[in-house]
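# Architecture at a glance
Now for the letters of each chain:
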Amino acid sequence: MNGNNVDIETLLALSPSADPFRTSGVSQGRDAGWLYGGQLLGQAVAAAGRTVSNKQPHSMHAYFLTPGRFDRSVDYVVEDVRDGRSFANRRVEAFQSTDDPILHASVSFHAPETGASHQRDAPPRIPAPESLDPAHGSTYRSGLESSFDIRRIPADLLSDPDTARRGVWLRATSPTSDDPLFHAAALAYLSDFELFLPALLRHDLLGDGVMATSLDHALWWHVPARVDDWLLYIQESPRTSGSRGLAYGHFYTLDGTLVASSVQEGLMRVREPA
């Protein structure tokens, strides 16, 4: 089952398997023929999480090794790296039709604890999501629109020539599972949505003459959040050099709570004229 209209719960459900450390997932379409990276991130978290008890993901570090194809399912192999009292770690590799992985990820899980808590920054003052028009189509057509309401924030409200800041409201279009692992995996899925775009926009590098692809991706879940509630995703690019760019992302709830942070490095290579 592959195509643009795969909903988020089907995408992250993964196939039943007698071996919990091996599973597969359906794919979600993309006009260019390549797999949306967020699908791999979300499914990798879901695959790792089904092998862990009484803990939730708190960090993920992943490398996109080669582009995946949206017309093929993805196989996931999970390795039990460590199971401790407070933390567990899983290594996940994703494959499509060959022995060469398309994604390598490490996901760390943490048992709930109480402790010190602070948040340095509040989100920018921006319009409420209901006051903005729904987006129709994304710059990177990921299939995400089949499950999420997307409300982009006007650029003039977030303009920053030094960081090329952007912002978008995101919310699942229908109520979803109450499983915390599902929401953590869905947040990983969302975290790749146009995250690298500020780096490209900063240099006007959108179009057929540019090769742009994600290289690696990191995500930290600070506190639990639901993807069927509005989430504000603020994105910026503080640095580009050597045909590579860095992008930061921060997810906030409606009340301004920072729930997750992401970092991504991507390739932004200008093709030589033929």
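A quick note: this is a predicted structure, and the numbers were derived from the prediction, not measured. (Residues numbered from 1 in each chain as written. Predicted model: local features only at pLDDT ≥ 70, side-chain atom pairs only at ≥ 80, totals over all residues. Heavy atoms only, no water.)

### Things to note about the packing of aromatic side chains
Applying the stated criterion across every chain, the model contains four aromatic pairs. On the basis of an interplanar angle of 85° and a centroid distance of 5.1 Å, the ring pair of Y36 and Y189 is categorised as edge-to-face. In this pair, Y36 is assigned in the loop between β3 (27-28) and α2 (37-49) and Y189 in helix α3 (residues 180-191), connecting sequence segments 153 residues apart. Considering the side-chain rings of F148 and Y189, the 6.1 Å spacing of their centres and the 25° angle between planes classify their relative orientation as stacked. With a gap of 41 residues between them, F148 in strand β8 (residues 148-152) and Y189 in helix α3 connect regions that are remote in the sequence. Neither F148 nor Y189 differs from the other in exposure class; each is buried. Among the aromatic residues, ring-to-ring pairing joins Y36, F148 and Y189 into one connected group. It is R69 that lies over the ring of W34; its NZ or CZ is 5.8 Å from the centre. (Phe/Tyr/Trp six-rings, centres within 6.5 Å; stacked < 30°, edge-to-face > 60°. Helix = DSSP H or I, 4+ residues; strand = E, 2+ residues; numbered from the N terminus. Buried < 20%, exposed > 50% of the residue type's maximum accessible area, 1.4 Å probe, protein only. Lys NZ or Arg CZ within 6 Å of the ring centre and 35° of its normal.)

### Some details on the environment of R69
When you line up the elements, R69 lands in the loop between β4 (56-64) and β5 (74-83). Owing to a relative accessible area of 30%, R69 belongs among the partly exposed residues under this scheme. Distance in space between the C-alpha atoms of R69 and S27 is 8.2 Å, their sequence separation being 42 residues.

### Section: the side chain of K55
For K55, the position within the fold is in the loop between α2 and β4. No salt bridge is formed by the buried K55. Its closest oppositely charged neighbour is D83, at 5.1 Å. One polar contact links the side chain of K55 to the main-chain carbonyl oxygen of G84, over a distance of 3.3 Å. Setting aside residues no more than four positions away along its own chain, K55 makes contact with G84, R85, S86, F87, A88, F109, H110 and A111. (Lys, Arg positive; Asp, Glu negative; His and termini not counted. Salt bridge = Lys/Arg side-chain N within 4 Å of Asp/Glu carboxyl O. Polar contact = N/O pair within 3.5 Å; in protein donor to acceptor, adjacent residues only side chain to side chain. Contact = heavy atoms within 4.5 Å.)

### Side note on the pattern of salt bridges
Think of it this way: side chains of opposite charge can pair up when their charged atoms draw near. Applying the stated criterion across every chain yields a total of 12 salt bridges. A salt bridge links E79 to R91; the shortest N-O distance between them is 2.8 Å. With E79 in strand β5 and R91 in strand β6 (residues 87-95), this pair connects stretches of sequence that are 12 residues apart. Judged by relative accessible area, which is 40%, E79 ranks as partly exposed.

### Side note on the pairing of strand β7 (residues 101-110)
As judged from the eight bridges shared by β4 and β7, these two strands associate in the antiparallel manner. When the bridges of β7 are listed, F64 appears paired with L103. Of the pairings in the sheet, the one linking β6 to β7 comprises nine bridges and is antiparallel in character. Bridge pairing links R90 to V107 in β7. With antiparallel pairing between neighbouring strands as the criterion, β6 and β7 make up a hairpin whose turn holds five residues, including S97 at a positive phi of roughly 70°. (Pairing = 2+ DSSP bridges.)

### Some thoughts on the nonpolar core
Core analysis: the biggest nonpolar cluster contains 63 residues, and L40, M60, L103, L144, L170 and F251 have the highest contact counts within it. Looking at which element gives the most residues to this core, the answer is α3, with nine residues. Dropping the residues within four chain positions of it, M60 is found in contact with L41, A44, V45, A105, S106, V107, H217, A218, L219 and W221. Counting residues in hydrophobic clusters, the runner-up holds nine residues, among them L158, W230, I234 and Y252. (Core = buried A, V, L, I, M, F, W, Y, C linked by side-chain atoms within 4.5 Å.)

### Details of the environment of V168
Looking at the secondary structure, you find V168 in strand β9 (residues 166-172). Sequence separation of V168 and G38 is 130 residues, and the distance between their C-alpha atoms is 16 Å. In this structure, V168 is in contact with I150, R151, R152, I153, F193, L231, L232 and Y233, ignoring residues within four places of it in sequence.

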